[in-house]
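What follows is the residue order along each chain.
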Amino acid sequence: GPQMEPRATSSAAAPLRRQFRVLVGVTGSVAALKLPLLVSKLLDIPDLEVAVVTTERAKHFYSPRDVPVTLYSDADEWEMWKRRSDPVLHIDLRRWADLMLVAPLDANTLGKVASGICDNLLTCVIRAWDRSKPLLFCPAMNTAMWEHPITEQQVGQLKDFGYIEIPCVAKKLVCGDQGLGAMAEVGTIVGKVKEVLSQRQLPAELNPG
Ligand SMILES: CC(C)(CO)[C@@H](O)C(=O)NCCC(=O)N/C=C\S
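Just so it is clear, the structure is predicted and the values come from calculations on it, not from any experiment.

K.L.:
I'm lost on the overall build of the protein in this one. Help?
P.N.:
A count of helices and strands for the protein gives eight helices and eight strands. Taking as baseline every contact in the protein between residues at least 6 positions apart, the subset at least 24 positions apart corresponds to 72%. Summed over all atoms, the accessible surface of the protein reaches about 10,600 Å², with 54% contributed by carbon and sulfur.

K.L.:
Would you take a moment to explain the environment of F61 for this structure?
P.N.:
For F61, the position within the fold is in the loop between β2 (48-54) and β3 (70-72). Linking F61 and V30, residues 31 residues apart in sequence, is a C-alpha distance of 6.2 Å. Ignoring any residue separated from it by four or fewer positions in sequence, one finds F61 in contact with G28, S29, V30, A32 and L33.

K.L.:
Help me understand the site of the ligand, please; the structure alone is not making it clear to me.
P.N.:
Every one of the 14 residues lining the ligand counts as a neighbour, but S29, K171, C175, G181 and M183 are closest to it. Within the backbone of V174, one N or O atom sits 3.4 Å away from an oxygen atom of the ligand. One of the backbone N or O atoms of M183 is found 2.9 Å from an oxygen atom in the ligand. Expressed as a share of its isolated accessible area of 470 Å², the protein-covered part of the ligand is 86%. Taking a 2 Å distance to the grid points as the criterion, the majority of the atoms of the ligand fall inside the largest pocket. When its residues are assigned to classes, the shell around the ligand shows nine nonpolar, three polar and two charged.

K.L.:
Hey, could you run me through the pairing of strand β7 (residues 169-172) in this one?
P.N.:
If a strand is regular, its side chains alternate between the two faces of the sheet. Here four bridges tie β7 to strand β8 (residues 178-182), and the two strands are oriented antiparallel to one another. Considered in β8, the bridge of K171 is made with G179. Here β7 folds back onto β8 in antiparallel fashion, the turn holding five residues, of which G176 has a positive phi close to 100 degrees.

K.L.:
Please clarify how a nonpolar patch on the surface should be interpreted in this entry.
P.N.:
A contiguous nonpolar surface patch, about 260 Å² in accessible area, is contributed by V30, L33 and V174. Accessibility expressed as a relative area gives 44% for L33, which makes it partly exposed.

K.L.:
Is there a simple way to think about the pairing of β2 in this case?
P.N.:
With seven of seven residues buried, β2 is to be regarded as a mostly interior element. As defined by bridge partners, strand β1 (residues 20-26) adjoins β2 across seven bridges and the pair is classed as parallel. Of the residues in β2, the one forming a bridge with V22 is V50. For the crossover that starts at β1, traverses helix α1 (residues 35-43) and ends in the parallel β2, the hand is right-handed. Inspection of the sheet shows β2 paired to β3 by three bridges, in the parallel sense. Residue pairing across strands places V52 opposite L71, the latter belonging to β3.

K.L.:
Explanation requested: the layout of surface pockets in the structure shown.
P.N.:
Any empty space left between the atoms is revealed when a probe the size of a water molecule rolls over them. Of the pockets and cavities examined, the largest pocket occupies roughly 420 Å³. Looking at the largest pocket, it is lined by 23 residues, and the ones nearest its centre are S29, V30, A31, L173 and V174. Residue assignment for the lining of the largest pocket shows that the elements contributing at least two residues are α4 (107-115), β7 and β8. In terms of residue class, the lining of the largest pocket is built from 13 nonpolar, five polar and five charged.

Rules and cut-offs
Residues numbered from 1 in each chain as written. Predicted model: local features only at pLDDT ≥ 70, side-chain atom pairs only at ≥ 80, totals over all residues. Heavy atoms only, no water. Helix = DSSP H or I, 4+ residues; strand = E, 2+ residues; numbered from the N terminus. Contact = heavy atoms within 4.5 Å. Areas by Shrake-Rupley, 256 points an atom, 1.4 Å probe, with all protein chains shown as cover. Near = heavy atom within 4 Å. Polar contact = N/O pair within 3.5 Å; in protein donor to acceptor, adjacent residues only side chain to side chain. 1 Å grid on protein atoms, 1.4 Å probe; cavity = no way out; pocket = protein on both sides within 12 Å on 5 of 7 lines; lining within 4 Å. Sits in = over half its atoms within 2 Å of the grid points. Nonpolar A, V, L, I, M, F, W, Y, C, P; charged D, E, K, R; others polar. Pairing = 2+ DSSP bridges. Patch = residues over 30% accessible without salt bridge, like charges linked within 9 Å, V, L, I, M, F, W, Y side chains within 5 Å. Salt bridge = Lys/Arg side-chain N within 4 Å of Asp/Glu carboxyl O. Buried < 20%, exposed > 50% of the residue type's maximum accessible area, 1.4 Å probe, protein only. Right-handed = clockwise from strand over helix to strand, strands pointing away. Points joined across faces, edges and corners; volume = space filled by probe spheres on them.

Pasting the structure below:
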């Protein structure tokens, strides 16, 4: 998990290890049931390290047993910070990650991010995010929510921040409605992560000289 160990070891014996760190944010859309599949597909990408930050609502849609990486939630922030000298988890996480992927981004968290609300671990990481690093988001919500005019405004706001949208798709949603609002397919999401990583220089300390 994201401890502050050195980013890479390079010695005669061991080649430079180029781990690229992806922090997955998961929120309370029913599409969060795809988290185990998404994490397992990300772990198939060579040299990728994955950690997850979950909201409380998202926990209803997956079992931590099916997520074989470090999974942070709000209580971890409270546990970790007891006194002034203690680390601040959302700041540790913004430093640790090279790329952030919010999948799914539900209507509630979309609204929070668009207006700078940061009332949990995930929104605090995003609020503190270093915008020189890529942040990808996958909206997912009921069609009626998607079609509300506030959605376009708030997605536009996130794009103005420089965040990259992986657009939702039209499907027969789990609630029976047919239309836009379904999270992009996991294959689409993983493909976009690969594309963005291929365009990025590795962090300097991974690629000295
Ligand atoms: C869950 C999944 C991935 C199954 O294909 C798909 O329905 C979806 O992305 N739904 C997210 C939209 C949503 O949150 N609907 C909430 C009420 S309809």
